[in-house]
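Coordinate analysis (summary)
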Amino acid sequence: MADSRTLYREILLDHGKAPRNHAPLPEVTHAATADNPVCGDRILVELTVENEHVREARFTIKGCLIATASASLMTEAVSGHPVAHVERLCGEVEASCDGTSAPDLAALGALSALAAVRDYPARRRCATLPWAALREALGQEQV
Amino acid sequence: MTTPHDTAFPGPVKPEHRLDIRAVRRQFPALRQLVHGHPLAYLDNAATTHKPMPVLDTLVRHYERDNANVHRGLHTLGVRATEAYEHARTRVAQFLGARDAGEIIFTRGTTEAINLVAQSYGRTHLQPGDEIIVTAMEHHANLLPWRRLCTEVGATLRVVPIDDDGGLRVDEYARFLGGTPRLVAIAHAANALGTVNPVAKMTRLAHAVGAVVLVDGALAAAHTPVDVAALDCDFYTCSAHKLYGPTGIGALYGKAALLAAMPPWQMGGDMVLSVDDTAVRYAEPPQRFEAGTPPIADAIAFASALDWLADLGHDRIVAHERALLAHATEALGAVEGVRLVGTTREKVAVVSFNVEGLHAHDVATVLDDAGVAVRGGDQCAQPLMHALGLPGTVRASFAAYNTVDEIDRLVDAVRHARTLLG
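Within each chain, residue numbers correspond to sequence positions counted from 1 in written order. Lettering of chains starts at A and numbering of ligands starts at 1, both following the order in which they are written. Where local features are concerned, this predicted model is filtered to residues with pLDDT of at least 70; where side-chain atom pairs are given and counted, the filter is 80 or more; whole-chain, interface and lining totals use all residues. Computation of side-chain values covers all heavy atoms of the structure but excludes hydrogens and water.

**Brief notes about the environment of B:V394**
Residue and element names in this part refer to chain B.
- In this text, helices come from DSSP runs of H or I with a minimum length of four residues, and strands from runs of E with a minimum of two, each type numbered from the N-terminal end. Structurally, V394 can be placed in strand 17 (residues 393–397).
- Exposure remark for V394: the relative accessible area of 1% places this residue in the buried category.
- Between the C-alpha atoms of V394 and N354, which are 40 residues apart in sequence, the distance is 6.0 Å.
- Any two residues having at least one pair of non-hydrogen atoms within 4.5 Å are treated as being in contact. Setting aside residues up to four positions removed in sequence, V394 forms contacts with V351, S352, F353, N354, A360, V363, L367, V374, R375, G376 and Q379. A simple rule labels every residue: compare its accessible area, found with a 1.4 Å probe on the protein chains alone, to the largest value its type can have, and call it buried under 20%, exposed over 50%, or partly exposed in between.

Below, the structure written as structure tokens:
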């Protein structure tokens, strides 16, 4: 039997209902939006990148609890880290959500809760949506 | 405002007219399965219905025995396949109330049927300054083809607004008809909300100002009797897969005189009388609009689905669904934090709703974990959701095989979602 609590764990409920960094960023150097055509959800990720480091990350979302929690956890996880590290993290999170590789739960820390979407194929895109926007933002020229 | 209505609905169900739901369910193998350990409660019928055994049998039997191309083979199997395919056309004509089977064009479904009319009729009959009227509750399939047509021919799209309860502003529609409307495209029943539009009245009003009317029957055809002769609409569309039939097949009804004046849409085999080096003579409708090998088995199985529907009694199905709709509306409406979206009196068996503070996707996931299948999201009607100021809804939609027990499980699962996520 499936128990929705395996997906909606406490940490995701917390970040989904009371997201951190859910506000416009005053000084934006990089930004991108991502859409989920299945539901019409949309996220805007805004970054301040200085000296090859993500100084600050914030987001604005019209989305579900999973996407919101993922974005909240993401902005906490990437702030202050080198861009190269953040790009690597994008790949690791996306792979753990898609089920293409066994997640290194210890290395992912709080983000490991997102890997539960592996068992919910219809919701994988919800969890990876913020990361797709982050990846695109980092790939852009400075705005 | 109360929406005028012109669709006859049956009154209370007499016991002898009730469906034997157990017998009905036995005909649907897909319903006999567990989802996440729970018996499947399939409440996503506005997306697609399941298919009864007679339909599945027809598909297999066609490939086992009669498989051949249509309208070309001089051999026995070719004759059989052609006869069955053309019989299916007659069956669809009868179902929709068309006078002549030649007024039925097989398409991949409603989407293709509407695109056919937009491209073939629209591009040759509309001019700059003309207006096309649609409603704010249209599925993208009955919106985007017209938007593109407007861009192509320089016409203007007018969108009739809706009330807070999801009913059409018929007064606004009447006002729009005072412009330069050339074509009106309206949902018979809105897929996202279930609202039934007064299409007979709207057609009368449109004809009075010389506009041609297309009615999108994708949702309505399974849930309310259709009679194109009584509606007097110029075009009507439906999809077999929402009518207990296969995917990949649907029908466009068009009045014979209109079809005769329309150029081909797609070019290819089976739609020409003769081809020489410079000239082509096109076949008459409906062949003119069926280029290439059609989905033959699916068309024949579409007719089986209509036979199945008729044997069961379309009016009995409608009455059963009305009872389910009434129960779901009352039971869901009683759940704290649930807001029903689309509450007009004239509705087919669709309940759209939101749970306070919860996103439709999250609710749908918790419901799926309980074995309850619903749609969650924008319902392919993003402009409608914008008009309602909603990111989306959860939609439960019913069919002949659904039960009150399944609706009670839906309601319990919604309560659970509130407890878990609220």
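Following the structure, the description resumes.
**A word on the interface of chain B and chain A**
- Every contact between the two is made by 15 residues of chain B and, on the other side, 22 residues of chain A.
- By convention, the term buried area covers the 1.4 Å-probe accessible surface removed from two parts as they join, with the contributions of both added. Buried surface at the junction of chain B and chain A, both sides included, amounts to about 1600 Å², of which 55% is carbon and sulfur.
- By definition, a salt bridge exists where a carboxyl oxygen of Asp or Glu is found within 4 Å of a side-chain nitrogen of Lys or Arg. Counting every contact that joins chain B to chain A gives one salt bridge.
- Its salt-bridge partner being A:R123, residue B:D362 comes within 2.8 Å of it at the nearest N-O pair.
- Polar contacts, as counted here, are pairs of nitrogen or oxygen atoms within 3.5 Å of one another; within protein the pair requires one atom able to donate a hydrogen and one able to accept it, and residues that are adjacent in sequence qualify only if both atoms are side-chain atoms. Summed over the shared surface of chain B and chain A, the number is ten residue pairs in polar contact (both at pLDDT 80 or more).

**Focus: the packing of helix 1 (residues 10–17) of chain A against helix 2 (residues 65–78) of chain A**
Residues and elements named next belong to chain A.
- Taken N-terminus to C-terminus, the directions of helix 1 and helix 2 make an angle of 90°; their axes are 7 Å apart at the nearest point. When the axis of helix 1 is compared with that of helix 2, the two are roughly perpendicular. Between helix 1 and helix 2, the contacting residues are I11, L12, L13, H15, G16 and K17 on the first element and L65, I66, T68, A69, S72, L73 and E76 on the second.
- Residue type decides the class: Asp, Glu, Lys and Arg count as charged, Ala, Val, Leu, Ile, Met, Phe, Trp, Tyr, Cys and Pro as nonpolar, and the leftover types, Gly among them, as polar. Counted by class, the contact of helix 1 with helix 2 contains seven nonpolar, four polar and two charged residues. All axes here are fitted lines through C-alpha atoms, helices being fitted over the stretch that makes contact, and every angle between N-to-C directions spans 0 to 180 degrees. Note on angle classes: values under 35 degrees are labelled roughly parallel, values over 145 roughly antiparallel, values of 65 to 115 roughly perpendicular, and the remainder oblique.

**Comments concerning the sheet that holds strand 5 (residues 131–135) of chain B**
Residue and element names in this part refer to chain B.
- Taken in spatial order, the seven strands make up an open sheet running 4-10-9-8-7-5-6, and their pairing is mixed. Each edge of the sheet is formed by a strand with only one pairing partner; in this case those strands are strand 4 (104–107) and strand 6 (156–160). Across the sheet, the mean angle separating the axes of adjacent strands is 20° when strand polarity is ignored.
- Pairing between strands is defined by DSSP: at least two bridges between the two strands are required. Bridge count between strand 7 (residues 181–187) and strand 8 (residues 212–216): five bridges; the pairing is parallel. Its bridge partner being in strand 8, I186 is matched across the sheet by V215.

**Points about unusual backbone geometry**
- Residues B:P285 and B:P286 are joined by a peptide bond in cis, for which omega reads 5°.
- Relative to the assigned elements, B:P286 resides in the loop between strand 12 (280–282) and helix 11 (296–312).

**Things to note about the nonpolar core**
- Counting 88 residues, the largest nonpolar core has B:L96, B:V184, B:Y236, B:L243, B:Y244 and B:F302 as the members making the most contacts within it.
- Element by element, the count of residues in this core is highest for helix 11 of chain B, at twelve residues.
- An automatic or database domain assignment is the source of the domain bounds shown. Of the domains in this structure, domain 1 (15–51 + 313–421) and domain 2 (55–310) of chain B are the two that each give at least three residues to this core.
- Within the second largest apolar cluster, 76 residues are counted, among which are A:Y8, A:L138, B:A328 and B:A364. We define a nonpolar core as any set of buried Ala, Val, Leu, Ile, Met, Phe, Trp, Tyr and Cys residues linked to one another through side-chain atoms lying within 4.5 Å.

**Some remarks on the packing of aromatic side chains**
Residues and elements named next belong to chain B.
- Aromatic contacts are taken between Phe, Tyr and Trp rings whose centres are within 6.5 Å, Trp giving its six-membered ring; a plane angle under 30 degrees counts as stacked, one over 60 as edge-to-face, and the others as tilted. Enumeration over the complete set of coordinates arrives at seven aromatic pairs over all chains.
- With 5.3 Å between their ring centres and 80° between their planes, F28 and W308 make a pair best called edge-to-face. Of this pair, F28 sits in the loop between helix 1 (21–26) and strand 1 (34–35) while W308 sits in helix 11; the two residues are 280 residues apart in sequence, bridging distant segments of the chain.
- Residues Y121 and F235 carry aromatic rings whose centres are separated by 5.8 Å and whose planes lie at 65° to one another, so their mutual orientation is edge-to-face. Of this pair, Y121 sits in helix 4 (residues 110–125) while F235 sits in strand 9 (residues 235–239); the two residues are 114 residues apart in sequence, bridging distant segments of the chain. Assigned by exposure class, Y121 and F235 land together as buried.
- Put simply, the rings of F28, Y244, W308 and Y401 touch in pairs and so form one group of aromatic residues.
- Here, a charge over a ring is recorded when the distance from Lys NZ or Arg CZ to the ring centre is within 6 Å and its angle to the ring normal is within 35 degrees. In this structure, R158 is placed above the aromatic ring of F176, and the distance from its NZ or CZ to the ring centre is 4.3 Å.

**Side note on the domain arrangement of chain B**
Residue and element names in this part refer to chain B.
- Segmentation of chain B into domains returns domain 1 (15–51 + 313–421) and domain 2 (55–310).
- The distance between the C-alpha centroids of domain 1 and domain 2 comes to 27 Å.
- Contact residues are listed per partner, giving 37 residues for domain 1 and 35 residues for domain 2.
- Summed over both partners, the interface of domain 1 with domain 2 buries about 3000 Å², with 61% contributed by carbon and sulfur atoms.
- For domain 1, the biggest contributors to the area lost against domain 2 are K51, H314 and V348; these three give 22% of the whole.
- Here domain 1 and domain 2 share zero salt bridges between them.
- Summed over the shared surface of domain 1 and domain 2, the number is 21 residue pairs in polar contact (both at pLDDT 80 or more).
- When residues of the side of domain 1 that touches domain 2 are traced back to their parent elements, those giving at least two are helix 12 (314–333), strand 14 (350–355) and helix 14 (382–388).
- By residue number, the principal contributor to the side of domain 1 that touches domain 2 is helix 14, which donates five residues.
- Class assignment of the residues belonging to the side of domain 1 that touches domain 2 gives a composition of 20 nonpolar, twelve polar and five charged.

**Description of the pattern of salt bridges**
All names here are of chain B.
- According to the stated counting rule, one finds 26 salt bridges over all chains in the structure shown.
- Note that D232 is salt-bridged to K255, the shortest N-O span being 3.0 Å. Of this pair, D232 sits in the loop between helix 9 (228–231) and strand 9 while K255 sits in the loop between strand 10 (250–254) and helix 10 (256–260), and the two are 23 residues apart along the sequence.
- Look at K255 and you get partly exposed, because its relative accessible area is 22%.
- Through salt bridges with shared partners, a single network forms among R169, D171, E172 and R175.

**Description of the layout of surface pockets**
Residues and elements named next belong to chain B.
- Here the largest pocket defines a volume of roughly 480 Å³.
- Per element, the largest residue contribution to the lining of the largest pocket is four residues, and it comes from helix 13 (residues 360–369).
- Class assignment for the residues of the lining of the largest pocket results in eleven nonpolar, five polar and six charged.
- Cavity means a closed set of points on a 1 Å grid over the protein atoms alone, one where a 1.4 Å probe fits but cannot get out, pocket means an open set with protein on both sides within 12 Å along at least 5 of 7 lines, and lining means a residue has an atom within 4 Å of a point. Grid points are joined across faces, edges and corners, and a volume is the space filled by probe spheres set on the points. Here the second largest pocket is characterised by a volume of approximately 250 Å³.

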